[in-house]
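Examining the three-dimensional arrangement
Listed here are the chains, written in short residue letters.
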Amino acid sequence: MSMTYADLKTNIADVTENTFSDFQLNLFITQAEQAIYTAIDLPASTFTDSATTLTIDSATFAVPSGYLSTVSLAVKSAAGVVTYLLQKDNSFLLEAYPDTTYTAVPTHYAQFGENMYGGAANTLFLTVAPTPDAAYATIHTYKAYPASITSGGETGTTWLSTNFDNVLLNGALVEAARFMKAEADIVAMYDKQFTTSLKMVDILRGKIASDAYRTPTGAAPVGVA
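Cut-offs applied
- Residues numbered from 1 in each chain as written.
- Predicted model: local features only at pLDDT ≥ 70, side-chain atom pairs only at ≥ 80, totals over all residues.
- Heavy atoms only, no water.
- Salt bridge = Lys/Arg side-chain N within 4 Å of Asp/Glu carboxyl O.
- Helix = DSSP H or I, 4+ residues; strand = E, 2+ residues; numbered from the N terminus.
- Buried < 20%, exposed > 50% of the residue type's maximum accessible area, 1.4 Å probe, protein only.
- Pairing = 2+ DSSP bridges.
- Axes fitted to C-alpha atoms, helices over the stretch in contact; angles between N-to-C directions.
- Parallel < 35°, antiparallel > 145°, perpendicular 65-115°, else oblique.
- Contact = heavy atoms within 4.5 Å.
- Nonpolar A, V, L, I, M, F, W, Y, C, P; charged D, E, K, R; others polar.
- Polar contact = N/O pair within 3.5 Å; in protein donor to acceptor, adjacent residues only side chain to side chain.
- Core = buried A, V, L, I, M, F, W, Y, C linked by side-chain atoms within 4.5 Å.

1. A closer look at the pattern of salt bridges
One side chain can pair with another of opposite charge once the charged atoms of both are near each other. Under the definition given, this model contains five salt bridges. Taking the shortest distance from any N to any O, the salt bridge between lysine 143 and aspartate 41 comes out at 2.2 Å. Remark: aspartate 41 occurs in the loop between helix 2 (22-39) and strand 1 (46-49) and lysine 143 occurs in strand 10 (residues 137-144); sequence separation between them is 102 residues. Overall, the relative accessible area of 14% leaves lysine 143 in the buried class. Close ionic contact of arginine 178 with glutamate 175 constitutes a salt bridge, the shortest N to O distance being 3.7 Å. Taken together, the residues arginine 178 and glutamate 175, both in helix 5 (residues 165-179) and three residues apart, mark about one turn of the helix. Overlapping salt bridges bring together Lys9, Asp22 and Glu154 as one network.

Below, the structure is given as structure tokens:
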């Protein structure tokens, strides 16, 4: 069942039997959304950026807006050859490739940030090694919080509110109960409902991942003896 932003606000007020401002409701909802997307690896929080091109002789590039973490990073040559990079700590890159003037097709990457190499505060970067010898296009799959249902207007919906409206409502109720300083048993009840609905979502996510691994004929997946 799909739940709109207006529906969600009404349901929070009805269940808690309380009146909140839109500012307060938005706080409950966005905190619940972040908790859900952090707890469970859902498709809606995975994005791909193919618009960034590496700069020759420069090992760093900025991450997309809203970036949380990298799932995979690949470089694509002008001839169309795609090379997936291995993730390492930045210290490994510095030790393995101490000569930053050496250039080649990058094979590794790491995340770093906050004022390093002239970066602004609270800014993250990705660095690759060896230093690029060409302006490679990148294929960067990463995690970020999707747009909140609070940003889509009264009739707005999101992937989460359309597919798992119960977990979104339960998560918002937990935040609302804490805000109201509700009795411990009430907070515990909302927490239990939220945890139960999260488990349901995680079970479905696991089934989706399992189905993607199976083959239609029942034969072993490629690469499995």
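Having put the structure on the table, let's press on.
2. Comments concerning the sheet that holds strand 3 (residues 67-76)
Spatially, four strands are ordered 1-10-3-4 in an open sheet, and the strand pairing comes out antiparallel. In the strand order of this sheet, the two ends are held by strand 1 and strand 4 (82-84), each with one partner. On average, adjacent strands in this sheet sit at an angle of 25 degrees to one another, irrespective of strand direction. By the bridge criterion, four bridges tie strand 1 to strand 10 in an arrangement that is antiparallel. Paired with threonine 46 across the bridge in strand 10 is lysine 143.

3. Quick word on the packing of helix 1 (residues 5-16) against helix 2
Look at helix 1 against helix 2: their axes get within 11 Å of each other, and the N-to-C directions meet at 95 degrees. The orientation of helix 1 with respect to helix 2, classified from their angle, is roughly perpendicular. Facing helix 1, whose interface residues are Tyr5, Leu8, Lys9 and Ile12, helix 2 presents Asp22, Leu25, Asn26 and Ile29. Considering only residue class, the contact of helix 1 with helix 2 consists of five nonpolar, one polar and two charged.

4. Notes on the side chain of asparagine 170
Looking at the element boundaries, asparagine 170 is found in helix 5. On the basis of relative accessibility, which here comes to 13%, the residue asparagine 170 falls in the buried class. In this structure the side chain of asparagine 170 is engaged in a polar contact, spanning 3.4 Å, whose partner is the side chain of serine 197.

5. Brief notes about the side chain of threonine 70
Here threonine 70 lies in strand 3. Assessed through its relative accessible area of 13%, threonine 70 is described here as buried. A distance of 2.7 Å separates the side chain of threonine 70 from the side chain of tyrosine 67, its partner in a polar contact. Of note is the side chain of threonine 70, whose polar atom sits 2.9 Å from the side chain of histidine 140. Sequence-distant contacts of threonine 70, defined by excluding residues within four places in its chain, comprise Tyr109, Leu126, His140, Thr141 and Tyr142.

6. Considerations on the nonpolar core
Residues Leu8, Ile12, Ile29, Ile36, Leu42, Leu160 and Val167 are the most contacted members of the largest nonpolar core, which totals 30 residues. Elements supplying a minimum of two residues to this core: helix 1, helix 2, helix 5 and helix 6 (184-213). Among the elements that make up this core, the one with the highest residue count is helix 5 (eight residues). Non-local contacts of leucine 160, meaning those with residues more than four positions away in its chain, are made with Glu33, Ile36, Tyr37, Leu42, Asp165, Val167 and Leu168. Core analysis: the second largest hydrophobic core is formed by 13 residues, Leu54, Leu73, Val128 and Tyr142 among them.

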